[in-house]
Structures are given as structure tokens and as C-alpha cells.
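# Chain and residue survey
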Amino acid sequence: MPSQGKLYVVGIGPGNRDLLTLKAYEVIRNADVVIGHRRYIDLIRDLVRGEIVESTMRKELERVKLAVELSRDRNVCLVSGGDPCIYGIASLVEEYLSTTEISLDYEIIPGVSALNAANSLLGCAVSGDHAVISLSDSLISWEKIEHRLRLALRSDVPVVVYNPSSRRRSENLKKALEIVLSERGDVKVAVVKNAYRDGQEVFVRNLSELNPEEVDMSTVLVISSSETVFTDRRMLTPRGYSLKYEVGAKTKMAREIAEQSAGILRNIIPGNTLKDEIARRAVMATGDLSYRDLLVFKGDPQEGVEAIRRGARIVVDVEMVRAGLRAEAIAAVNFAEETERTRTADGILRLKEKIEGSVVGIGNAPSAAKALCEIAKEHRPAFIVATPVGFVGAEEAKEMVRRLDVPSITTMGTKGGSGVCAAILNCLIEHARSN
Ligand code: SAH
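Residues numbered from 1 in each chain as written. Predicted model: local features only at pLDDT ≥ 70, side-chain atom pairs only at ≥ 80, totals over all residues. Heavy atoms only, no water.

Geometry of an aromatic ring pair is reported as the spacing of the ring centres plus the angle between the planes. Across all of its chains, the model carries one aromatic pair by this definition. Measuring from ring centre to ring centre gives 5.0 Å for Tyr87 and Tyr162, while their planes differ by 50 degrees; the resulting arrangement is tilted. On the criterion of sequence distance, the pair formed by Tyr87 in the loop between strand E4 (75-80) and helix H4 (90-100) and Tyr162 in strand E7 (residues 159-162) is long-range, its members being 75 residues apart. (Phe/Tyr/Trp six-rings, centres within 6.5 Å; stacked < 30°, edge-to-face > 60°. Helix = DSSP H or I, 4+ residues; strand = E, 2+ residues; numbered from the N terminus.)

Below, the discussion takes up the sheet that holds strand E10 (residues 219-223). On the basis of which strands lie adjacent, the open sheet formed by five strands has the order E6-E7-E10-E8-E9 and mixed pairing. The open sheet has two edge strands, strand E6 (131-134) and strand E9 (201-206), and neither has a second partner. On average, each strand axis in the sheet is inclined to that of its neighbour by 20 degrees, with strand direction left out of account. On the sheet, helix H5 (residues 114-122) packs against E6, E7, strand E8 (188-193), E9 and E10 and is oriented at approximately 115 degrees with respect to E8. (Pairing = 2+ DSSP bridges. Axes fitted to C-alpha atoms, helices over the stretch in contact; angles between N-to-C directions. Contact = heavy atoms within 4.5 Å.)

Once that is clear, we can look at the site of the ligand. Residues in close proximity to the ligand total 19 residues, the closest being Ile86, Ser113, Ala114, Met217 and Thr219. The contact in question runs from a nitrogen atom of the ligand to an N or O atom on the backbone of Pro14, over 3.4 Å. One nitrogen or oxygen atom from the main chain of Ile86 is found 2.6 Å from a nitrogen atom belonging to the ligand. Contact with the protein chains hides 93% of the accessible area of the ligand, taken as 540 Å² for the molecule alone. When its residues are assigned to classes, the shell around the ligand shows 10 nonpolar, seven polar and two charged. Taken together, domain 1 (6-112) and domain 2 (115-236) each give at least three residues to the shell around the ligand, which thus spans both. (Near = heavy atom within 4 Å. Polar contact = N/O pair within 3.5 Å; in protein donor to acceptor, adjacent residues only side chain to side chain. Areas by Shrake-Rupley, 256 points an atom, 1.4 Å probe, with all protein chains shown as cover. Nonpolar A, V, L, I, M, F, W, Y, C, P; charged D, E, K, R; others polar. Domains from an automatic or database assignment.)

On the secondary structure map, Glu395 appears in helix H17 (residues 394-403). Once the C-alpha coordinates of Glu395 and Thr414 are considered, the two residues, 19 residues apart in sequence, prove to be 5.8 Å apart.

This part takes up helix H18 (residues 418-434). Along its 17 residues, H18 runs 24 Å from first to last C-alpha, staying within 8% of the 24 Å computed at 1.5 Å per residue. A large share of H18 lies buried, amounting to 13 of its 17 residues. (Expected span 1.5 Å × (residues − 1). Buried < 20%, exposed > 50% of the residue type's maximum accessible area, 1.4 Å probe, protein only.)

Residues three or four positions apart in an α-helix share a direction because the helix packs 3.6 residues into each turn. With 13 residues, helix H6 (residues 142-154) extends 18 Å from end C-alpha to end C-alpha; this agrees with the ideal 18 Å at 1.5 Å per step. Where H6 is buried, its residues meet E6, E7, helix H7 (170-184) and E10.

This paragraph deals with the packing of helix H3 (residues 60-70) against H4. It is at 10 Å that the axes of H3 and H4 come closest, and there the two elements cross at 60 degrees. The hand of the H3/H4 crossing is right-handed. Where H3 abuts H4, its residues Glu60, Leu61, Val64, Lys65 and Val68 lie against Leu92, Val93, Tyr96 and Leu97. Residue classes in the contact of H3 with H4 are distributed as seven nonpolar, no polar and two charged. (Left-handed = near helix turned anticlockwise from the far one by under 90°.)

So, about the domain arrangement of the protein. Each assigned domain of the protein is listed here: domain 1 (6-112), domain 2 (115-236) and domain 3 (251-434). The distance between the C-alpha centroids of domain 2 and domain 3 comes to 31 Å. If you look at the interface, domain 2 gives 12 residues, while domain 3 gives 11 residues. Interface area, domain 2 with domain 3, both sides summed: about 790 Å², of which 42% is carbon and sulfur. Among the ionic pairs, Arg184 bridges to Glu328, the shortest N-O distance being 3.2 Å. Between domain 2 and domain 3 we count five residue pairs in polar contact (both at pLDDT 80 or more) in total. Here the element with the most residues in the side of domain 2 that touches domain 3 is H7; it accounts for four residues. (Buried area = accessible area lost by both parts, 1.4 Å probe. Salt bridge = Lys/Arg side-chain N within 4 Å of Asp/Glu carboxyl O.)

Taken as a whole and assessed by the stated rule, the structure comprises 27 salt bridges. Glu69 serves as the salt-bridge partner of Arg72, at 3.7 Å between the closest nitrogen and oxygen. Classification of Arg72 as partly exposed rests on a relative accessible area of 40%. As a salt-bridge pair, Glu183 and Arg154 come within 2.8 Å of each other at their nearest N and O atoms. Highlighted residues: Glu183 in helix H7 and Arg154 in helix H6, separated in sequence by 29 residues.

By volume, the second largest pocket amounts to about 1000 Å³. Taken together, 38 residues line the second largest pocket, and the ones lying closest to its centre are Ser225, Ser226, Glu227, Thr228 and Pro238. Counting residues per element, the ones that place at least two in the lining of the second largest pocket are strand E11 (229-231), helix H8 (241-245), helix H13 (319-324) and H18. At four residues, H13 tops the list of elements feeding residues into the lining of the second largest pocket. Of the residues belonging to the lining of the second largest pocket, the class tally is 13 nonpolar, 13 polar and 12 charged. Three or more residues apiece are contributed to the lining of the second largest pocket by two domains, here domain 2 (115-236) and domain 3 (251-434). (1 Å grid on protein atoms, 1.4 Å probe; cavity = no way out; pocket = protein on both sides within 12 Å on 5 of 7 lines; lining within 4 Å. Points joined across faces, edges and corners; volume = space filled by probe spheres on them.)

Here it is, written out as C-alpha cells:
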């Protein structure tokens, strides 16, 4: 029997009336019955001309059954915060209808999800590929959430976290933050609370400075990727328009200078092999022609490219190298604890499990290169770029790296540094991405 009424599952957006769609407004105004959790009903109460049925959190199935029942002969709106499909009630309605085989005139009205709301307040923290994870383990197991979170973090996209905390499960957030620290290091995290609602707050913190107490169930978090940039509280993950349209620093003049400089370098180092290109990068980064003869290649640098292409983790010694990279990396210095050694060396030793199979860049600290050599037999990296610099131990450390049974790029003598290390790694990264 076709029914007379209709069921609308309606997303009402993050809270502010302006962000309710015209369609949602229209169906709520014309509804005979509006059903929802009190929190959402409160946001639209004044719009409703029909009957209101309020319910509490853990009564979702009852709410759905009632809405389906009433919609046989009435227009019913089942309202949900944000978008009704995203961690909302729409999937339960679909499941219920398909398992009971009830036929019903039924429509989902989309809404502005918390992600969209937070993103616009932050200034495009998410602009392309991204991952969304909920920390609520009321419907799926914590093991699954943890596994998905790790995989998302490894993919170097911004990760948006819904349901970060509640009174019942504040421990989940602490565990999740530890996972973020171990996978991405001490990265910046945006906190958006009550977006487009009373009590709105937006701030960006380093992970280590984020107090879990500051995060509640009206909050979404956005964990930055290696491509995310920050200005004041704005957080932007560029989509690459600047390369396509040459906006920002890619002015005509900057391009001319870069082309001229590349032309000069091509005359000095003319070849087309990967080694030639790496040498050009090193010379370009330092302005020092002697790098042409200072680079030592052990094995084939293509092995570094292949490792990155396979998704190998990149581990570097210091933040300065990490900041210069065009891919996600972790800096050993951020993992150091109290120690007799240097912080970078301690960080490398503590990361030994992660170093196995990864691409390691040492740009600053000879002690970190030596620590790497201590563990490399048991936890063999896939590739090493070691250009530590200075007059105390740098030459010796790089000689030790060259003796390892691991393909590497090092510099002779005292020269090197974070800039040249990042330039070489970037060359490998770009090759890994280009074909
Ligand atoms: N369907 C909703 C999500 C419901 S799950 C949507 O599409 O937005 C509830 C979680 O969403 C909250 O724990 C919080 O993480 C997030 N959330 C919902 N509204 C929010 C708001 N106005 N500001 C910040 N986070 C919000």
C-alpha cells in the first residue's frame, strides 16, 4: 500500500540558522511531526509548526521506528545535526527500511557537516584528499578505529577527527593523540569547538601542547599534513594551484631567476641521470659548486625513489630537515627523552623499529648518524641520505654510513647541512611521485 505521508531525514547543519538549507527549512516548516534529539530540536524549535517529539541520545532505533510509523500518513522530519548521513541517523533509517522491507516515500536532505563548518572557519585546512575518523567506539571496536587512524595518518593527508571525546570515553582521545605523535610527530592540530554555535572556539596547537581536557564532544580536530601551512589561526592545505597558475612566490621574476639558475647549472652538470639531478639540486640548494664532487653515491639512488614510492616512512634527525620536505616525515629529535647522548641520537635509537625499511635523512647531527649506524644492522633502513655538518665527528660519521650495507648518499668532509639533506630527499620524493 503506498503511503500518504513522507519521511524526510533532515540535516540541520552545525547550528547557525543561516547554514540550514532552504530545502531543510521548507520541509521542517511543512512537517506534521518533527522528531529528534533535544539538542537538535532546540536549534530549530521556533520553526516547527507541527508536533514535536524529543528523545534522548541512546534511543535511535526507537526514534527511527516511530518516524517510519508516523510517516505512513503524515509528513515527518527526523532531524539530525550537520549532515544526516555523516555519523548521523540516515544510515540507521536505510538499514531499518531495507531489513523490514517497508515501502515508504522517503528522502534525505543533506546538511552542512561539522567538517565543512570547521574547514571554512580554519581557511581550507582540507582542500583535497583527506581522511575522516570518529573516535566513538559505541558502534565499532576501538581496535578498528586505531587501525584506521594509523593508516590514515600514514597517508599524509589531513585527518579530521569527529567525536573526539565525551565524558564516558575521554581515554580514547588520549590514546589517539599518542598514535598521532608516534606516526606524525609533534604536528599542529586545529581544534574547532561549537562551530557556528554559541561558544564557538577555534585554535591551533602543537600536539604536545594540546590538553585533552580542552576537547569535548562538540569539537572536531584537524590534524595537519606535511603540506599544511599556518598563518595566525588560519590553517591551509594547498591543493597545488600555486604551481598550476603560478600564484604567490611563483612570480614572473622568480620564474626567470629559477630558469636562469637552472640553465647555468645544466651547463655545469649537463647529464640526465638521477645522480646528475641530485648533484644539481645540492649545488642549487647551497650555491656551492664543490658539491658536484662532494657527493658520494653508494648503490643506486633509484632505490631511495623506489622505497618512497612503496610508501616507506621518512625519518629525519631535526625539524629543519622535516620542515623543508615535500612529504610527511618524522623528526627524531621530537622523540628524545632525558639522555646522556644528544637528543637526535636518542631519538634515532628510540625510533629503531620505525627506521627499519624507511628512508632516513640526517642533515645536522653526526651523533645521529652514528646512532643510526649502531642500529642499522638489526633494523636496516631502505635508504640513507646523510649530510651531517661540522668539524666534530661529521667526516667520521659519514664514513661509517658509507661502510653500512645500505644504499646511501653522503657528502665528503665537513660540508653538508639540513638544507642540502632536504634538497636531496626532495629530489627522491619528486621522482617517486612523478612516474
Ligand atoms: N552528522 C554530524 C556529525 C554527528 S557526530 C555532522 O555531519 O556534522 C557528532 C560529532 O560531530 C561531535 O562529537 C563533533 O565531533 C562533531 N560536531 C557536530 N557539530 C559540530 C559543531 N558545530 N562544531 C564542532 N564539531 C561538531
